[in-house]
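Structural features, examined
Residue strings, one per chain:
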Amino acid sequence: MLFKICGLKEINTVDCCERNNVNFFGMIFYKKSPRNVDIDNALNLINFSKDKKIIPVGVFVNEDLENIKSLIAKLDLKTIQLHGNENDDYINSLKINTNLKVIKTVSVQNISDFKKLNNFNKNDYFLLDYKPEINELPGGNSKQFDWSILKNLEISKPWFLS
């Protein structure tokens, strides 16, 4: 089982996660989020994690393709999470000639939302998350969907539950 904690902004939090065997830590690059991190802060977190087992993840929401490529290069990110309406073409454009790992978020409210998983082939992982209401920010918003609908669910790729 893999664990990812998202929205980290402080070295002591990354250190705590690493000491508690968390596998990934997410840094949110979405300006509307209260957990948004700037590039300098992200670089500090990434540099701190270099000799540790915990893996930094850049989290993006409908980011312009050239902007995201630039941030991936500047931060030397090896793993990113796409939390918006990005499609397989977008993911493929990011992965060309790289070893980049991509976590694609799928918002879930009911069983029919799992059909969206079939729209993605280029990602490496899925993240199943609460489906935000119209006025909510992308992401889980500290809420969860009915996890009981996961019973008997078969997914061909590794996945995270948020």
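Before reading on, note that the structure itself is shown above.
Within any chain, residue numbers begin from 1 and follow the written order of that chain's sequence. Restriction of local features to residues with pLDDT of at least 70 applies here, the model being predicted, together with a cutoff of 80 or more for giving and counting side-chain atom pairs; totals for whole chains, interfaces and linings are based on all residues. Excluded from the side-chain calculation are hydrogens and water; included are all heavy atoms of the structure.

**Quick word on the pairing of strand E4 (residues 79-82)**
Defined as follows: To sort residues, take the accessible area from a 1.4 Å probe on protein chains only and compare it with the maximum for the residue type: under 20% means buried, over 50% means exposed, and anything in between is partly exposed. The way it works is that DSSP assigns letters per residue, a run of H or I at least four long becomes a helix, a run of E at least two long becomes a strand, and they are numbered from the N terminus. If DSSP finds at least two bridges between two strands, the strands pair. By convention a crossover is right-handed if, when the strands point away from the viewer, the path from the first strand over the helix to the second runs clockwise.
Along E4, one buried face is formed by Thr79 and Gln81 and the opposite face, lined by Ile80 and Leu82, is buried too. The sheet contact formed by strand E3 (residues 55-60) and E4 spans three bridges and is parallel. If you follow Gly58 over to E4, its bridge partner there is Ile80. Following the backbone out of E3, through helix H3 (residues 65-75) and into the adjacent parallel E4, one traces a crossover that is right-handed. Assessed by its sense of winding, the connection that carries the chain from E4 through helix H4 (residues 88-95) to strand E5 (residues 101-108) is right-handed.

**A word on the packing of aromatic side chains**
The cut-off we apply is this: Under the pairing criterion, centres of Phe, Tyr and Trp rings, with the six-membered ring standing for Trp, must be within 6.5 Å; the plane angle then separates stacked pairs below 30 degrees from edge-to-face pairs above 60, leaving the rest tilted.
The full count for this structure, using the stated rule, is five aromatic pairs. Seen from their ring centres, Phe24 and Tyr125 are 6.2 Å apart, and the 75° between their planes marks the pair as edge-to-face. Of this pair, Phe24 sits in strand E2 (residues 24-28) while Tyr125 sits in strand E6 (residues 125-130), and the two are 101 residues apart along the sequence. Relative to Phe60, the ring of Phe29 lies with its centre 5.2 Å away and its plane at 10°, an arrangement referred to as stacked. Taken together, the residues Phe29 in the loop between E2 and helix H2 (39-49) and Phe60 in strand E3 connect sequence positions 31 residues apart.

**Details of the side chain of Thr105**
Stated formally: Here a polar contact means two N or O atoms within 3.5 Å. Within protein one must be a hydrogen donor candidate and the other an acceptor candidate, and residues neighboring in sequence count only if both atoms are side-chain atoms. Two residues qualify as a contact provided that any one of their heavy atoms is within 4.5 Å of a heavy atom in the partner residue.
Tracing the backbone shows Thr105 in strand E5. Residue class for Thr105 comes out buried when judged on its relative accessible area of 6%. Engagement of the side chain of Thr105 in a polar contact is seen with the side chain of Gln81, the distance being 3.4 Å. Within the structure, Thr105 has its side chain in polar contact with the side chain of His83 (distance 2.8 Å). If near-sequence neighbours (up to four positions away) are discounted, Thr105 is found in contact with Gln81, Leu82, His83, Leu127 and Asp129.

**Digging into helix H1 (residues 11-19)**
Basically, it comes down to this: Of all possible arcs, the one meant is that of the directions from the helix axis to the C-beta atoms.
Here H1 has its buried residues at Val14, Cys17 and Glu18. Taken around the axis of H1, the buried residues stretch over an arc of 100°, which confines them to a single face. Those residues of H1 that are exposed and aimed more than 90 degrees away from the buried face are Asn12 and Arg19. Turning to H1, the residues buried within the fold contact strand E1 (4-6), E2 and H2. Looking at the residues trailing H1, positive phi occurs at Asn21, about 65°.

**A few points about the packing of H2 against H3**
Threshold: A fitted line through C-alpha atoms represents every axis, and for helices the fit uses only the stretch in contact; the resulting angles, taken between N-to-C directions, go from 0 to 180 degrees. Any angle from 65 to 115 degrees is called roughly perpendicular, while one under 35 is roughly parallel, one over 145 is roughly antiparallel, and all others are oblique. It is the rotation of the near helix from the far one that decides the hand of a crossing: anticlockwise by less than a right angle makes it left-handed, clockwise makes it right-handed. When residue character is reported, Ala, Val, Leu, Ile, Met, Phe, Trp, Tyr, Cys and Pro are called nonpolar, Asp, Glu, Lys and Arg charged, and the others, Gly included, polar.
Across the interface, H2 lies against H3 with an axial gap of 10 Å and an inter-helix angle of 40°. Relative to H3, H2 is oriented oblique. You can see that H2 and H3 cross each other, and the crossing is right-handed. Together, Ile39, Ala42, Leu43 and Ile46 of H2 and Leu71, Lys74 and Leu75 of H3 make up the contact between the two elements. Across the contact of H2 with H3, the residue classes tally to six nonpolar, no polar and one charged.

**Comments concerning unusual backbone geometry**
Despite not being glycine, Asp76 has its phi angle at roughly 55°, a positive value. Locating Asp76 in the fold gives a position in the loop between H3 and E4. One non-glycine residue, Asn152, adopts positive backbone phi at about 70°. As for its position among the elements, Asn152 is in the loop between E6 and strand E7 (159-161).

**Regarding the environment of Asn118**
Among the secondary structure elements, Asn118 is positioned in the loop between E5 and E6. Taking the relative accessible area as the measure of exposure, Asn118 reaches 64% and is therefore exposed. Placed 38 residues apart in sequence, Asn118 and Ser156 show a C-alpha to C-alpha distance of 9.8 Å.

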